[in-house]
Amino acid sequence: QQPVQSPQAVILREGEDAVINCSSSKALYSVHWYRQKHGEAPVFLMILLKGGEQKGHDKISASFNEKKQQSSLYLTASQLSYSGTYFCGTEGFQGAQKLVFGQGTRLTINP
Amino acid sequence: KAGVTQTPRYLIKTRGQQVTLSCSPISGHRSVSWYQQTPGQGLQFLFEYFSETQRNKGNFPGRFSGRQFSNSRSEMNVSTLELGDSALYLCASSRTGATTEAFFGQGTRLTVV
């Protein structure tokens, strides 16, 4: 079943923070985050595994709440380059070899 | 190193025809997954191959098929094309599968008229 992302779209000014949520009604083994700019391929951001630690690099981090089947992506002090559509992809169990993606969250960063 | 290469980049086909899309993964990557991306449905999983074996498939009709060769290159085929098959088809390669970082190709834009 497709995870639900919220919000569907958000507009920020450069320097502001954003949180994107990804919720599933089913148990999850892993959550993957990707960013896709218009006309380009999705680019990998990070993977969070069940029982794993919160991940992050630079000013982008993410958490995975196994009990709530929910992951959140945090973008701190957003930059213009952060604009794009963010997708979470979920794997239901170890070895599923199948990612089910949410509908995406469109993030627009204005100067 | 070279990224994931998909060919062709654009394709226009007529209803009823069939089409074959190709994906060359990053060297050393043995897993290739295929996705269909449309504005209405988002990214939908088609199938995943590892060492020439299909390990999982999505909920698409049998008109959609794929295969993987010994050099990890993969092809997907769509037979009896329908207007609704118009989409961006993306492949992603990774070392071992879904729990490893995946790299997407630029995709093949298929238009069915």
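Here's a quick rundown of the structure. (Residues numbered from 1 in each chain as written. Chains lettered and ligands numbered in written order. Predicted model: local features only at pLDDT ≥ 70, side-chain atom pairs only at ≥ 80, totals over all residues. Heavy atoms only, no water.)

Here we come to the packing of aromatic side chains. Inspection of every chain in the model, using the stated rule, returns nine aromatic pairs over all chains. With centroids separated by 6.5 Å and ring planes inclined at 90°, the aromatic side chains of Phe87(A) and Phe101(A) adopt a geometry described as edge-to-face. Taken together, the residues span a long stretch of sequence, with Phe87(A) in strand 9 (residues 84–91) and Phe101(A) in strand 10 (residues 100–101) at a distance of 14 residues. A single burial state applies to Phe87(A) and to Phe101(A), both of which are buried. Seen from their ring centres, Phe101(A) and Tyr35(B) are 5.4 Å apart, and the 80° between their planes marks the pair as edge-to-face. On the criterion of chain membership, the pair formed by Phe101(A) in strand 10 and Tyr35(B) in strand 4 (residues 31–38) is interchain, its members lying in two chains. Of the two residues examined, Phe101(A) and Tyr35(B), each falls in the buried class. Chaining the aromatic ring pairs together yields one cluster made of Tyr34(A), Phe44(A), Phe87(A), Phe101(A), Tyr35(B), Phe45(B) and Phe104(B). (Phe/Tyr/Trp six-rings, centres within 6.5 Å; stacked < 30°, edge-to-face > 60°. Helix = DSSP H or I, 4+ residues; strand = E, 2+ residues; numbered from the N terminus. Buried < 20%, exposed > 50% of the residue type's maximum accessible area, 1.4 Å probe, protein only.)

Strands pair in a sheet through their backbones, by hydrogen bonds, and they do so in one of two ways: parallel or antiparallel. All names here are of chain B. As summarised here, the arrangement of the four strands in space is 1-3-8-7, forming an open sheet in which the pairing is antiparallel. Both outer strands of the open sheet, strand 1 (5–7) and strand 7 (64–68), are each paired with one neighbouring strand and no more. Between one strand and the next, the sheet's axes are offset by a mean angle of 15°, whatever the strand orientation. Where strand 1 lies against strand 3 (residues 19–24), three bridges are found, and the strand directions are antiparallel. Each bridged residue has a counterpart across the sheet, and for Gln6 the counterpart in strand 3 is Cys23. (Pairing = 2+ DSSP bridges. Axes fitted to C-alpha atoms, helices over the stretch in contact; angles between N-to-C directions.)

All names here are of chain B. Burial runs high along strand 4: eight of the eight residues are buried. Of the two faces of strand 4, the one holding Ser31, Ser33, Tyr35 and Gln37 and the one holding Val32, Trp34, Gln36 and Thr38 are both buried throughout. Across eight bridges, strand 4 lies against strand 5 (residues 42–50) in antiparallel orientation. Note that in strand 5 the partner of Ser33 across the bridge is Glu48. In this structure, the hairpin formed by strand 4 and strand 5 is closed by a connection of three residues.

Our next topic: the interface of chain A and chain B. Taken together, the contacts link 20 residues of chain A with 23 residues of chain B. Among the residues of chain A in contact with chain B, Gln97(A), Lys98(A) and Phe101(A) are the three that bury the most area, contributing 33% of the side total. On the surface where chain A and chain B come into contact, there are zero salt bridges. At the boundary of chain A and chain B, one finds five residue pairs in polar contact (both at pLDDT 80 or more). Breaking the side of chain A that touches chain B down by element, the ones donating at least two residues are strand 4 (30–36), strand 5 (43–49) and strand 9 of chain A. Along the lines of polarity and charge, the residues of the side of chain A that touches chain B split into 11 nonpolar, six polar and three charged. (Contact = heavy atoms within 4.5 Å. Buried area = accessible area lost by both parts, 1.4 Å probe. Salt bridge = Lys/Arg side-chain N within 4 Å of Asp/Glu carboxyl O. Polar contact = N/O pair within 3.5 Å; in protein donor to acceptor, adjacent residues only side chain to side chain. Nonpolar A, V, L, I, M, F, W, Y, C, P; charged D, E, K, R; others polar.)

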